[in-house]
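Listed below are the residues making up each chain.
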Amino acid sequence: LHVHNRPAKSLFSVQVGALMGHAASAESPRRHPAATIKITGSSPRASSSSSSSSQSASSSSMNFKVPRLFYVCGAAPQDLVPWTPGQRWKRSLGKAPASISKSRGGLVGLVNMGNTCFMNAALQCLSHIEPINAYFLTGKYMEELNPNNPYGTGGNLAKGFAKLQEMLWQRSSRSQTPSQIYGTLSKFAQHLFRDADQQDAQELLAYLLDGLHEDLNLVKMDKKEREASPSKSPPEDPDEEDLRLAQLEREKGEEYVAALTWMRHLLRHKSVLVDLFQGQLRSRLTCCVCGHQSKTFDPYLYMSLPVHYGMRTLEDALVHFLKEESLTGAERWRCPNCKTHVDAIKKIDLWKLPAVLVIHLKRFEFDSSTCRLRKINAKIRAPLTIDLSSFVSAPQKGAMVYDVISVANHIGHAGRGHYTATCRHPVDGRFYHFNDTDVYEVQPDVDEIITKEAYVLFLMRQDSTDWERQSISRPEVWPHNVSRRNSLMLPAVWEAVGMQPPPPQAPDEELSPEEAAEDLVLEAKPSRDEEAEEDSDQEPREVVEQAEVVHEEQEPRAHDDDDSPGSQIF
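A. Seen up close, the overall build of the chain. On a plain count of helices and strands, the chain comes out with 17 helices and 24 strands. The burial tally for the chain puts 49% of its 570 residues in the buried class. Partitioning the contacts of the chain with sequence separation of at least 6, the portion at a separation of at least 24 is 72%. Working note: accessible area of the chain is about 27,600 Å², and carbon and sulfur atoms make up 49% of it.

B. Quick look at the pattern of salt bridges. Tallied over the full model, the rule gives 24 salt bridges. Glu166 is the partner of Arg171 in a salt bridge, and the nearest nitrogen-oxygen pair spans 2.8 Å. Judged by its relative accessible area of 27%, Glu166 is partly exposed. Among the salt bridges present, the one from Asp349 reaches Lys347, with a minimum N-O distance of 2.5 Å. Each member of the salt-bridge network shares a partner with another, and the members are Glu249, Glu254, Arg282, Arg284, Lys295, Lys347 and Asp349.

C. Region of the structure containing the environment of Asp466. Position of Asp466 among the secondary structure elements: in the loop between β24 (454-461) and α15 (490-496). Each C-alpha atom of the pair Asp466 and Arg88 lies 4.2 Å from the other, and the pair is 378 residues apart in sequence. Setting aside residues up to four positions removed in sequence, Asp466 forms contacts with Gln87, Arg88, Lys90 and Arg91.

D. View of the side chain of Asp79. Within the element layout of this structure, Asp79 appears in the loop between β4 (61-67) and β5 (80-82). No salt bridge is formed by the buried Asp79; the nearest opposite charge belongs to Lys102, separated by 5.6 Å. Engagement of the side chain of Asp79 in a polar contact is seen with the side chain of Ser101, the distance being 2.3 Å. In this structure, Asp79 is in contact with Ile100, Ser101, Lys102, Ser103 and Ser172, ignoring residues within four places of it in sequence.

E. Local environment of the environment of Met400. Tracing the sequence through the fold places Met400 in the loop between β19 (385-387) and β20 (401-411). For Met400 and Pro354, which are 46 residues apart along the polypeptide, the C-alpha to C-alpha distance reads 9.7 Å. Met400 has contacts with Leu353, Ile386, Asp387, Leu388, Ser389 and Val392, leaving out every residue within four places of it along the chain.

F. How the structure looks around the packing of helix α10 (residues 238-252) against helix α11 (residues 254-266). Two elements in contact, α10 and α11, have axes separated by 7 Å at closest approach and are oriented at 125°. With respect to their mutual orientation, α10 and α11 come out oblique. Every residue of α11 that contacts α10 at Glu241, Arg244, Leu245, Leu248, Glu249 and Lys252 is listed here: Glu254, Tyr256, Val257, Leu260 and Arg264. Of the residues in the contact of α10 with α11, the class split is five nonpolar, no polar and six charged.

G. Highlighting the sheet that holds strand β15 (residues 344-352). Taken together, the four strands give an open sheet; going across it, the order is β10-β9-β15-β12, and neighbouring strands pair in antiparallel fashion. The sheet is open, and its two borders are formed by β10 (293-300) and β12 (325-327), each paired with just one other strand. Taking each pair of neighbouring strands and ignoring which way they run, the sheet shows an average axis angle of 25°. Relative to β15, β12 is paired through three bridges, and the arrangement is antiparallel. Paired with Ser326 across the two strands is Ile345, which belongs to β15. Set on the sheet, α11 makes contact with β9 (279-287), β10 and β15; between it and β10 the angle comes to about 45°.

H. Up close: the packing of aromatic side chains. If you walk through the whole model with that rule in mind, you get ten aromatic pairs. Pairing Trp83 with Trp169 gives two aromatic rings, centres 6.2 Å apart and planes at 5°, and the pair type is stacked. Here Trp83 is found in the loop between β5 and β6 (99-101), whereas its partner Trp169 is found in helix α6 (residues 156-169), with 86 residues between them in sequence. Comparing Trp83 with Trp169, the two get one shared label, buried. Connected via pairs of aromatic rings, a cluster forms that spans Tyr135, Phe136, Tyr141 and Phe161.

What counts as what
- Residues numbered from 1 in each chain as written.
- Predicted model: local features only at pLDDT ≥ 70, side-chain atom pairs only at ≥ 80, totals over all residues.
- Heavy atoms only, no water.
- Helix = DSSP H or I, 4+ residues; strand = E, 2+ residues; numbered from the N terminus.
- Buried < 20%, exposed > 50% of the residue type's maximum accessible area, 1.4 Å probe, protein only.
- Contact = heavy atoms within 4.5 Å.
- Areas by Shrake-Rupley, 256 points an atom, 1.4 Å probe, with all protein chains shown as cover.
- Salt bridge = Lys/Arg side-chain N within 4 Å of Asp/Glu carboxyl O.
- Lys, Arg positive; Asp, Glu negative; His and termini not counted.
- Polar contact = N/O pair within 3.5 Å; in protein donor to acceptor, adjacent residues only side chain to side chain.
- Axes fitted to C-alpha atoms, helices over the stretch in contact; angles between N-to-C directions.
- Parallel < 35°, antiparallel > 145°, perpendicular 65-115°, else oblique.
- Nonpolar A, V, L, I, M, F, W, Y, C, P; charged D, E, K, R; others polar.
- Pairing = 2+ DSSP bridges.
- Phe/Tyr/Trp six-rings, centres within 6.5 Å; stacked < 30°, edge-to-face > 60°.

The following block contains the structure:
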């Protein structure tokens, strides 16, 4: 309906106008076999006489004879069938029932609007993630839309993506033109559509994930409040903050510090994108003089893994990403303990894995001899089911086995290539290749799905447990091993929400020793490189001294959808 942001006459308006008797004969389409559509609710307004309008307004149910040509724009009523997403994603569903086209649902190509194959490939990959398309198709996004977020697009990106889901899943035509989301992206991310040149699919994905997050962010803050929030403002003295966190880790463990950092992140960022796509990295800097370690725990939406010609597997790229790095010479680090620049060892670790893991293979590098980007065409092999347990450094709540569900591919050379997508259909489980408007099935063979052109991989965790929405007041659903009634974390939660905890109350029923222990301690297991330093005989007494029981009914709670000022950060 739109070409390069220039609106054309809507086929829908032409058809409805013809049906109501107000379209010019020159605009009327050829006669086609008709079908009946029953419209329930408010009747469409007509620009005719007031009597016609009154008659339409008074009718709660109308039958129209719709030409078959109308189905080019949308699926015929009999083509839409109910669709029930996986039970594990029930918390991402809205109130509207989900339905898809039984003939083309999820198998619709996208028109290239002029070097937009990079956009089409990225959109297809993201649209074939089951909890994402279910979230939009059932209208859940409208319940969580944050159009007043100064860091979003006024809700336009989320609405455009919702329209795209309708086009891909509820239309019966072979291809659609993604005009609305193209217009929004080209307006708010002009750098991605500069001079109509070919751009990078990973850069667009990064913007799309972040933009959707801000449009759907449940935390309501203006710019001034955001800049003053604990998750945004840097500490006054970085050295003192670093030493304070090191002391806190010695007292309560790494998992506590990681969970505390995650809580501060949720104070500002809370959306379905955070729940599904964000994990946590641990970054360590070790002083080669005094041995002091500085650690930070940072959220990530995707991982960018280096690719070299000597690499053969995804495991090689992961090992390289996680290996230690020496900081010497001009890269020396200022140790907060030594108060001077020293040689140091840098190490990044995977601390928490998300439900959907996005892996970017860095195939483009700068060639100093030509002063241009060049592409590394190494074939990175990986199975369709990947066990990541050997690459993480902390206990995980969910499974560490992932399935490859989508791949964005880059064919050709740097700057003048072509993008396609290979996606697993969430309904039939088969893989399909999307090359702009062309869509065809591919064999579920690893060499057909992960080729030498693989550029961005989408992995989904194999897990039968229900997926949860996160909030400040529910630390038990964070990716960290935190008890629902954990008294070590609760004081920090109370402080974050600006409330005073009630006096402790005895539980209604006597707890078992295992339940009591769960209430008293952070359920953290040692990380791979953490040694047990405490005497087991002393541990129970020390734990009791650190905390007192707070009954779960006294835990601060608020409904996730409550937008009132007092509960906006929950």
